[in-house]
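Results of the structural survey
This is what each chain is made of:
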Amino acid sequence: MHQPSSEPRRSIYYDYQVHPPWLASQHGPQPRHRVVIAGGGPVGLTAALELARHGVPCVLLESELQVCEGSRAIVFTRRSMEILQQVGVAPRVMAHGLPWRFGNSYYRGQRVFRMEAPQDDNDRFWPMINLQQQFLEEFLVDACEAHPLIELRWGNRVNGLAQHDDHAVVEVDTPEGPYTLETEWLVASDGARSALRSLLDLKLEGASYEGQFVIADIRIDLPLPTERLAFFDPPWNPRNTVLMHREPLNIWRVDYQLPEGETPEQALAPESLRARINAQLEMIGHGGKPWEMDWCSVYSARTLTLPDYRAGRTLFMGDAAHLLPIFGVRGANTGFQDAQALGWRLGLVCSGQAPESLLVSYSQERVGAAREIIDEAGKSTRFMTPPSRGFRLLRDAVLSISLTEDFVRPLYHWRTSRPHEYTRSTLNSSDDDNALFQAGPAHGAPPANVRLGDDDFLLDHLGGGFDLLVFAACVPAGVQTTVQAWRDQGLKLRVLLIGQWIGQGVQAPGADVCLSDTEGRARARWGVTTEGSAYLLRPDQHVCARWMSLDADRLNAALKQATTGVAP
Ligand SMILES: Cc1cc2nc3c(=O)[nH]c(=O)nc-3n(C[C@H](O)[C@H](O)[C@H](O)COP(=O)(O)OP(=O)(O)OC[C@H]3O[C@@H](n4cnc5c(N)ncnc54)[C@H](O)[C@@H]3O)c2cc1C
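This is a predicted model, so every value here is computed, not measured.

1. Section: helix H11 (residues 477-488)
Here H11 spans 17 Å end to end across 12 residues, near enough to the 16 Å set by a 1.5 Å rise per residue. The complete set of buried residues in H11 reads Val-479, Thr-482, Val-483 and Trp-486. Taken end-on, H11 shows its buried residues confined to a sector of 100°, consistent with a single buried face. Exposed residues pointing more than 90 degrees away from the buried face of H11 are listed as Ala-477, Thr-481 and Asp-488. In the stretch just after H11, Gly-490 is the one whose phi turns positive, near 105°.

Structural data, given as structure tokens:
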């Protein structure tokens, strides 16, 4: 019988709330569900909200009674914030998080590289924002619990699975014993040690790195800005690397590599932690300041992915699907994109508006994204923790040359997580003008945000389904007819007319929203040079078609392709 702990986890800055378990005996017979999600971490919670946004009810099974232990993911990217905006939790993250954009790398006491993440006046969100994962999960939990389409079942652990042609039977263990649940689709977001991956005997592919890091969160009052700090080969930890990050509430993350041959148990011994953290504080000029430990753990980098995220009726996402190094803040940030990519497709499949084959493109796109990230993150990981003598020689050469030579310094670049562009997606239109554009987001790219007013941005107006951005003074009559025909079939499709008119309240036939682009910012960012240009965005906001001049037939063809993956 599954007995999750009902003792609140210990933390010096976060009050854990223990939720009551969901017990089958207190509820009636279970119908066959549309979607069951296994795992209520950040990715499963976001997936539930995404599905709800697309009108699909789900049951979310979480084996624990409280949110995650320790801060875990603390850095969230701009793209993650744009996704969190869609599911309604971005304002709370902004209210509590610490935004930032600079990183500093030090070698032998000298700053050898200053990373500056691009920040444009057109972006609503900062490149990065720091917030402990417990808070993020809490905000997502609150949003899920408030949503009538989501049933969050605490203390419910998935233990068994039988798959059939059109449904799956899930065995769930709870504090009062097991019950079974039938579902048309099962989403596996049960984390790095995914039980579902094991039950289906699926193997991750890729590499695991030997270098191990202590991750320690301490409370200390340091008069330092929110910037990433990386120290290579520091005197107290020779040949190794140390990272520091500010978190909200005066918590600092200190990550340091274990000396070769040291075991995690040795590294986590209180006296070892105390001595090393003191040495680090001493090195940055804050030795002797009082500090208190909140949470510590040992971590090693892995670059692993399943080769296919669909196995029968089960769809994988987040850490259950891939394990990515924390260097470059990729785990949770990549998982949000999985959730967003699956949500709308499953929404269309469940409502009968798209064939099951649309889900093939989910796996293709997201496995492609994981492989690209693995490639990039592997480079960062090999720089942080050289896996062989050769890599160490090369890394050390870069370090020492960087003391005097500028040209090697960009090699320190952290290669921060960035959204994948689905350039070769089968959903991209085969018959549009993508190749004719000189600028703007191309096939498969995420959208470019644009400031339209003091607190008004283009992405604020997207959401809920496909978006057709028409850069013109009016929506052509034929296009209006096509849009209506798709809506009549149940597709959510909105038309945003972007023009040069001044002021609010403009209305135009066929447009759901008229946006004023008096300064031409939107046109510039989207590479629009001709009146009548248009973009079609999928519900996850990625571009699937763009035209220099839009006509009804080509719009129709693009929508068919984007909802089936087959060129008409
Ligand atoms: C020390 C550390 C630092 C990190 N820093 C960052 C960072 O800065 N940025 C970043 O993007 N990522 C970071 N990550 C990675 C990030 O924490 C993970 O990628 C993220 O939590 C993955 O989310 P998930 O929902 O896929 O899995 P998880 O967060 O692991 O959630 C899985 C959930 O499933 C539940 N579960 C497990 N088994 C079952 C079952 N059988 N049935 C039902 N429920 C089950 C678990 O209780 C858990 O709640 C870090 C990770 C660590 C460990």
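That covers the picture; the talk isn't over yet.
2. A look at the sheet that holds strand E3 (residues 75-77)
In space, the 3 strands of this open sheet follow the order E3-E7-E4, with antiparallel pairing throughout. What marks the edges here is a single partner per strand, and that holds for E3 and strand E4 (98-100). Between one strand axis and the next, the sheet turns through 30° on average, direction left out of account. Across the sheet, helix H2 (residues 78-86) touches E3 and strand E7 (128-130), and the angle it forms with E3 is around 75°.

3. Re the environment of Ala-52
Position of Ala-52 relative to the elements: it lies in helix H1 (residues 42-53). Look at Ala-52 and you get buried, because its relative accessible area is 6%. Each C-alpha atom, one on Ala-52 and one on Pro-447, is 22 Å from the other, the two residues being 395 residues apart in sequence. Those residues in contact with Ala-52 that sit more than four places away from it in its chain are His-147, Leu-149 and Ile-150.

4. Remarks on the side chain of His-542
One can find His-542 in the loop between strand E25 (533-537) and strand E26 (543-547). Every residue in contact with His-542, bar those within four places of it in the chain, is listed here: Arg-79, His-420, Tyr-422, Gly-444, Ala-445, Pro-446, Leu-536 and Leu-537.

5. With respect to the site of the ligand
Close to the ligand lie 32 residues; Glu-62, Gln-133, Val-158, Asp-319 and Ala-332 are nearest. For the ligand, an oxygen atom lies 3.4 Å from a polar atom in the backbone of Gly-331. A distance of 2.8 Å is found between an oxygen atom of the ligand and a backbone nitrogen or oxygen belonging to Ala-332. Notes on the ligand: free accessible area 1,000 Å², of which the protein chains cover 88%. Mapped by element, the contributors of at least two residues to the shell around the ligand are H1, strand E2 (58-62), strand E9 (157-163) and helix H8 (331-350).

Rules behind the numbers
- Here, residues in each chain are numbered from 1, in the same order as that chain's written sequence.
- Under the rules for a predicted model, residues below a pLDDT of 70 receive no local features and side-chain atom pairs below 80 are neither given nor counted, while totals for whole chains, interfaces and linings still include all residues.
- Excluded from the side-chain calculations are hydrogens and water; all other atoms, namely the structure's heavy atoms, are used.
- Working definition: helices are DSSP H or I runs of at least four residues, strands are E runs of at least two. Numbering for both runs from the N terminus.
- The span expected for a helix works out to 1.5 Å for each residue beyond the first.
- Per-residue accessibility, obtained with a 1.4 Å probe over protein chains only, is compared with the maximum for each type, and a residue is labelled buried under 20%, exposed over 50%, and partly exposed between these values.
- To be clear, the arc concerns the directions from the helix axis to the C-beta atoms.
- When DSSP finds two or more bridges between two strands, those strands count as paired.
- Geometry is summarised by axes, namely lines fitted to C-alpha atoms with helices restricted to the contacting stretch, and by angles between N-to-C directions that run from 0 to 180 degrees.
- Here a residue-residue contact requires only that any non-hydrogen atoms of the pair lie within 4.5 Å.
- It suffices for a single heavy atom of a residue to lie within 4 Å of a molecule or strand for the residue to be listed as near it.
- Throughout this description, a polar contact denotes any pair of N or O atoms lying within 3.5 Å of each other; where both atoms belong to protein, one of them has to be capable of donating a hydrogen while the other can accept it, and for residues adjacent in sequence the pair is counted only when both atoms sit in side chains.
- Only the protein chains shown count as cover for residues, with accessible areas throughout obtained via the Shrake-Rupley method and a probe of 1.4 Å.

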